[in-house]
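Secondary and tertiary structure notes
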Amino acid sequence: MPFEHYIQKGAQRLRMGYTTGTCATLAAKAAATMLLGAADVGTVSIMTPKSLTVETDVLDVTRSDKAVSCAVRKDAGDDPDITDGMLVYARVSKTDTPGIAINGGSGVGRVTRPGLDQPVGAAAINSVPRRMIESAAQDVCDSCFYEGGLSVTISLPDGERLAKRTFNPKLGIEGGLSVIGTSGIVEPMSTQALIDTIGLELRALGAAGETTVVLTPGNYGARFLSEHPDLARAPTVKCSNFIGDAIDFAVYHDFSDILLVGHAGKFVKLAGGILNTHSSVADCRSEIVTAHAALCGADTATVTALMQAVTTDQCFDILDGAGLKDAVVSSLLSKADEYVTRRAGDGVRVGVVLFGTVHGLLGQTQKASEIINKLKRRNI
């Protein structure tokens with residue numbers, strides 16, 4: 001049954017879908033219900049973290065005295081997701097140990113390198129889906145007055161093949177896909193519609209007389225801004241991965257000051273002249289950080305460790321341990337400043353603020369400091 005929720009992206013009305021984490025939760029809930037109750041389950045529903053209800057058909061049911069397995073079909077809506085239509089299975093069995101134990105079966109990747117959402121050796125089922133599955137299974141236990149434990153195994157039969165088309169192997173997730181999703185819902189991204197929306201937002205701010213704007217890719221940036229009152233009150237536009245396009249729009253609409261605020265996972269790419277930061281366009285974060293570390297005097301062991309790092313947060317941990325973090329951040333920001341200034345052209349001041357999940361504020365360019373001081377004066 002279609003998931004009939006929509007979002008507007010520019011002139012397009014796009015249907016939302018739901019994540020692999022939601023699918024795994026739906027399948028686990030249905031399997032637990034059939035294991036602990038007598039009736040077959042034809043449909044199953046859950047409330048997602050985004051407070052939208054998802055209901056879908058239960059497929060391919062296999063029952064025994066000790067376990068029930070079933071599947072639901074992934075619906076990505078209008079998002080071009082390679083997992084759209086994939087079957088997501090959950091096998092649920094009783095255990096003597098209280099609680100809900102969650103593991104990955106065939107097609108679910110295994111974490112082989114540190115720095116990801118799950119520890120090395122664990123199934124690549126991220127934290128939010130794990131909580132969703134645990135909560136749904138426990139609710140079934142409570143409603144059936146069952147006081148024992150349950151073992152839940154999530155499987156993606158086509159996962160190993162599909163994972164070869166993702167960045168999982170590079171990240172150190174081997175053997176399959178990740179079960180992911182923080183909201184439980186897939187919001188489709190039409191590239192042109194999203195770019196058009198960014199342009200419309202900047203045009204509206206410019207028409208209202210604004211000359212300074214903060215551009216940030218998404219939720220990480222918005223959270224960082226919310227923790228800094230002078231920035232939180234500034235006119236802000238979420239620009240997703242389209243840094244260059246957003247700068248172009250801001251210049252066209254006569255903004256004199258543009259402050260770019262972003263997580264290092266995206267913004268180190270600016271130091272490589274990459275102004276569309278989507279991983280499908282370029283994913284050379286470790287290489288860029290490593291090059292700047294070498295320029296700052298990193299030894300061979302440090303360079304090797306950086307090239308093997310899974311995340312930029314890991315890179316900055318390594319640099320911190322080598323006493324090079326501040327120097328490399330300064331080098332990265334200097335190069336990023338060069339590229340964004342070239343994109344904006346003469347007469348426009350563009351500043352860059354770089355932060356990380358672990359280290360918080362990593363650094364900012366001189367122009368960023370000037371723009372922030374301007375915003376502070378504005379807020380007095």
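Before any of the text, the structure's been laid out above.
Everything in this summary refers to the structure shown in the same document. (Residues numbered from 1 in each chain as written. Predicted model: local features only at pLDDT ≥ 70, side-chain atom pairs only at ≥ 80, totals over all residues. Heavy atoms only, no water.)

**Quick look at the packing of helix α12 (residues 312–321) against helix α13 (residues 325–344)**
Rule in force here: With axes taken as lines fitted to C-alpha atoms, and helix axes fitted only over the stretch in contact, angles between N-to-C directions fall between 0 and 180 degrees. Labels follow the DSSP assignment, with helices taken as runs of H or I lasting at least four residues and strands as runs of E lasting at least two, numbered in each case from the N terminus. Geometric relationships in this document are graded by angle, where less than 35 degrees denotes roughly parallel, more than 145 denotes roughly antiparallel, 65 to 115 denotes roughly perpendicular, and other angles denote oblique. Contact definition: two residues touch when any of their heavy atoms are within 4.5 Å. Only Asp, Glu, Lys and Arg are considered charged, only Ala, Val, Leu, Ile, Met, Phe, Trp, Tyr, Cys and Pro nonpolar, and every remaining residue, Gly among them, polar.
One way to put it is that α12 packs onto α13 with a least axis distance of 7 Å and a crossing angle of 130°. With respect to their mutual orientation, α12 and α13 come out oblique. Every residue of α13 that contacts α12 at Phe316, Leu319 and Asp320 is listed here: Lys325, Val328, Val329 and Leu332. Taken together, the residues of the contact of α12 with α13 break down into five nonpolar, no polar and two charged.

**Details of the environment of threonine 290**
Put simply, the rule reads: Throughout this description, buried means an accessible area under 20% of the type-specific maximum (1.4 Å probe, protein chains only), exposed means over 50%, and partly exposed covers the range between.
Inspection of the secondary structure puts threonine 290 in helix α10 (residues 285–295). Given the relative accessible area of 6%, threonine 290 is considered buried. When the C-alpha positions of threonine 290 and aspartate 326 are compared, they lie 14 Å apart, and in sequence the two are 36 residues distant. Non-local contacts of threonine 290, meaning those with residues more than four positions away in its chain, are made with Val303, Leu306 and Met307.

**Quick word on the nonpolar core**
A general feature of soluble globular proteins is that nonpolar side chains tend to end up buried together. Filter applied, for reference: Here, the term nonpolar core denotes a set of buried Ala, Val, Leu, Ile, Met, Phe, Trp, Tyr and Cys residues that are joined through side-chain atoms within 4.5 Å.
If you look at the biggest cluster of nonpolar residues, it comprises 50 residues, and the most contacted ones within it are Ile125, Ile133, Leu150, Val152 and Ile154. The set of elements that each furnish at least two residues to this core consists of α1 (20–36), β4 (43–47), β7 (67–73), β8 (87–95), β9 (99–104), α2 (127–143), β11 (149–155) and α3 (159–163). The greatest single-element share of this core, amounting to 11 residues, is contributed by α1.

**Here we look at unusual backbone geometry**
Unlike most non-glycine residues, serine 51 shows phi in positive territory, near 65°. Positive phi outside glycine occurs at aspartate 60, with the angle close to 50°. Secondary-structure assignment places aspartate 60 in strand β6 (residues 59–63).

**Remarks on the sheet that holds strand β18 (residues 360–364)**
Using the following cut-off: Here, strands pair whenever DSSP counts at least two bridges between them.
Spatially, five strands are ordered β15-β14-β16-β17-β18 in an open sheet, and the strand pairing comes out mixed. Either end of the sheet is taken by a strand with one partner, and the two such strands are β15 (236–238) and β18. Averaged over neighbouring strand pairs, the angle between their axes works out to 25° when direction is ignored. Relative to β18, strand β17 (residues 349–356) runs antiparallel, the two being bridged by four bridges. Within β18, the residue paired with valine 353 across the bridge is glutamine 364. The sheet strands contacting helix α8 (residues 243–252) are β14 (212–216) and β16 (257–263), and the helix crosses β16 at an angle near 160°.

**Some words on the environment of alanine 336**
Relative to the helices and strands, alanine 336 is located in helix α13. For alanine 336, the contacting residues outside a window of four places in its chain are Leu270 and Ala271.

**Digging into the state of the cysteines**
Worth spelling out the cut-off: When the sulfur atoms of two cysteines come within 2.5 Å, that pair is taken as a disulfide.
Using the criterion set out here, one finds zero disulfides in the structure. Here cysteine 141 is not disulfide-linked; the sulfur of cysteine 144 is the nearest cysteine sulfur, at 7.6 Å. By relative accessible area, which is 1% here, cysteine 141 ends up buried.

**Quick look at the sheet that holds β9**
Judged by pairing direction, the sheet is mixed, and its five strands sit side by side in the order β6-β7-β8-β11-β9 without closing on themselves. Each edge of the open sheet is held by one strand with a lone partner, namely β6 and β9. Between one strand and the next, the sheet's axes are offset by a mean angle of 15°, whatever the strand orientation. Its contacts with the sheet place α1 against β6, β7, β8 and β11, and it is angled at close to 40° to β8.

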